[in-house]
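Remarks on the overall topology
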Amino acid sequence: MSLERTPPYLQVVAALKAKIVSGELKHGDTLPSVRDLAAQYEISTATAQKVHRTLKAEGLAEAKQGSATTVSTRRTLHRTAADRLESALSTGRIYADGEYAVITSAALAEPPEWVADLLGTESGQAVRRERVTHSADDQPVSASVSWFSADLAETVPALLVRDRIIGGTPSAIEAATGRRAVATEEATTAAAATEDQAALLGVAAGAPVLLSRNVYVDAQGDTIEVRESVAPAGRWRVHRD
């Protein structure tokens, strides 16, 4: 849909969502009032009210009677691999305020065939990093496994350590190799949580989850990282055109 044909209230919603996803607007921050939105974006107050209603309906804003409307993301917003890559490259931070990751494993392992094909792995080994990302209130928001070519084990030894890499793996790989992840290709599907996924996310086995497969590529289109992640139901994914 072209921007010209997008209803004005959705254009403003998209602009505010982009600020929420990037972390410019954080959980608990006050959103512009209806009057301020109308003046800032040159829309009517009725349209501005629709912006607030839409964000509330999507679980990205909340308001108590007599109080301002504030950002709400801790339990509802699902940041995609593309969101985190953009944040890592633009701000040096891969997680939003309050979020943190626990690295549950980091070792050389045999990748699945589909991963080996994407990495071009011939040795039968690849670097495997598994993590669980938590919200500020300590709730699991996603679990993921990242795969990298085995030769990165020598050039980026931190990949084999069960510690967070400050600034994220894309920045660490770029610093060591000069290869910069510039885009990610993503495929998603609804799925039922396996027993292992359920244990990591704190949900029941068989519960609905969002399963994503991401391929990070450099400027030449070569694969740097392959990631598979899973997130529980009830978290909104925001797409930006």
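Values in this document were obtained by computation on a predicted structure and should not be read as measured data.

Examining the overall build of the protein
Within the protein one finds eight helices and ten strands. By the burial criterion, 44% of the 241 residues in the protein qualify as buried. Sequence-distant contacts, at least 24 apart, represent 60% of the contacts inside the protein between residues at least 6 apart. Carbon and sulfur atoms make up 49% of the accessible area of the protein, which totals about 12,600 Å².

Concerning the pattern of salt bridges
Taken as a whole, this structure holds five salt bridges when the rule is applied. For arginine 128, the salt bridge is made with glutamate 130, and the minimal N-O distance between the two is 3.5 Å. Overall, arginine 128 belongs to the partly exposed group, its relative accessible area being 24%. Arginine 179 is paired through a salt bridge with aspartate 218; the nearest N and O atoms lie 3.2 Å apart. Of this pair, arginine 179 sits in the loop between helix 7 (169-177) and strand 7 (183-192) while aspartate 218 sits in the loop between strand 8 (208-217) and strand 9 (223-232), placing them 39 residues apart in sequence. We classify aspartate 218 as buried; its relative accessible area is 5%.

Observations concerning the packing of helix 1 (residues 8-22) against helix 2 (residues 34-41)
Put simply, helix 1 and helix 2 touch, their axes get as near as 12 Å, and they point 105 degrees apart. When the interaxial angle is binned, helix 1 and helix 2 end up roughly perpendicular. Contact residues: Val12, Ala15, Leu16 and Lys19 in helix 1; Leu37, Gln40 and Tyr41 in helix 2.

With respect to the packing of aromatic side chains
When we look at a pair of aromatic rings, we describe it by the centre distance and by the angle of the planes. For the structure shown, the criterion picks out zero aromatic pairs. Note that lysine 50 overlies the ring of tyrosine 9, its terminal NZ or CZ placed 4.3 Å from the centroid.

Section: the environment of glutamate 110
Along the chain, glutamate 110 turns up in the loop between strand 4 (100-109) and helix 5 (113-119). Judged by its relative accessible area of 63%, glutamate 110 is exposed. A C-alpha to C-alpha distance of 9.7 Å links glutamate 110 and threonine 121, two positions eleven residues apart in sequence. Ignoring sequence-local partners within four residues, the contact set of glutamate 110 consists of Gly124, Gln125 and Trp147.

Regarding the sheet that holds strand 4
Across the sheet, which stays open at both edges, the six strands sit in the order 4-5-6-9-8-7 with antiparallel pairing between neighbours. The two strands at the open ends of the sheet, each matched to only one other strand, are strand 4 and strand 7. Neighbouring strand axes in the sheet, compared pairwise and without regard to direction, differ in orientation by 15 degrees on average. As paired elements, strand 7 and strand 8 share ten bridges and run antiparallel to each other. Considered in strand 8, the bridge of threonine 184 is made with tyrosine 216. Docked against the sheet, helix 7 engages strand 5 (126-134), strand 6 (140-149) and strand 9, running at close to 170 degrees with respect to strand 9.

Focus on the nonpolar core
Val12, Leu16, Leu25, Leu31, Leu37, Val51 and Leu55 are the most contacted members of the largest nonpolar core, which has 16 residues in total. Looking at this core, the elements with two or more residues in it are helix 1, helix 2 and helix 3 (45-57). Setting aside anything within four residues of it in sequence, one finds leucine 37 in contact with Val12, Leu16, Pro32, Glu42, Ile43, Ala48, Val51 and His52. Among the nonpolar cores identified, the runner-up in size contains twelve residues, and Phe148, Ala153, Ile165 and Ile173 belong to it.

Examining helix 1
Taking 1.5 Å as the rise per residue, helix 1 with 15 residues should run 21 Å; its terminal C-alpha atoms sit 22 Å apart, in good agreement. Of the positions making up helix 1, those classed as buried are Tyr9, Val12, Val13, Leu16, Lys17, Ile20 and Val21. A positive backbone phi angle near 95 degrees is found at glycine 23, which sits one or two residues after helix 1.

Some points on the pairing of strand 5
Burial analysis of strand 5 places eight of its nine residues in the buried class, the great majority of the element. Relative to strand 5, strand 4 runs antiparallel, the two sharing nine bridges. From the neighbouring strand, leucine 108 faces strand 5, where its bridge partner is valine 127. Bridge analysis of strand 5 against strand 6 gives nine bridges, and the strand direction is antiparallel. Along strand 6, the bridge assignment pairs histidine 134 with proline 140. Hairpin remark: strand 5 followed by strand 6, antiparallel, with five residues in the connecting loop; positive phi at aspartate 138, about 70 degrees.

About the thresholds
- Residues numbered from 1 in each chain as written.
- Predicted model: local features only at pLDDT ≥ 70, side-chain atom pairs only at ≥ 80, totals over all residues.
- Heavy atoms only, no water.
- Helix = DSSP H or I, 4+ residues; strand = E, 2+ residues; numbered from the N terminus.
- Buried < 20%, exposed > 50% of the residue type's maximum accessible area, 1.4 Å probe, protein only.
- Contact = heavy atoms within 4.5 Å.
- Areas by Shrake-Rupley, 256 points an atom, 1.4 Å probe, with all protein chains shown as cover.
- Salt bridge = Lys/Arg side-chain N within 4 Å of Asp/Glu carboxyl O.
- Axes fitted to C-alpha atoms, helices over the stretch in contact; angles between N-to-C directions.
- Parallel < 35°, antiparallel > 145°, perpendicular 65-115°, else oblique.
- Phe/Tyr/Trp six-rings, centres within 6.5 Å; stacked < 30°, edge-to-face > 60°.
- Lys NZ or Arg CZ within 6 Å of the ring centre and 35° of its normal.
- Pairing = 2+ DSSP bridges.
- Core = buried A, V, L, I, M, F, W, Y, C linked by side-chain atoms within 4.5 Å.
- Expected span 1.5 Å × (residues − 1).

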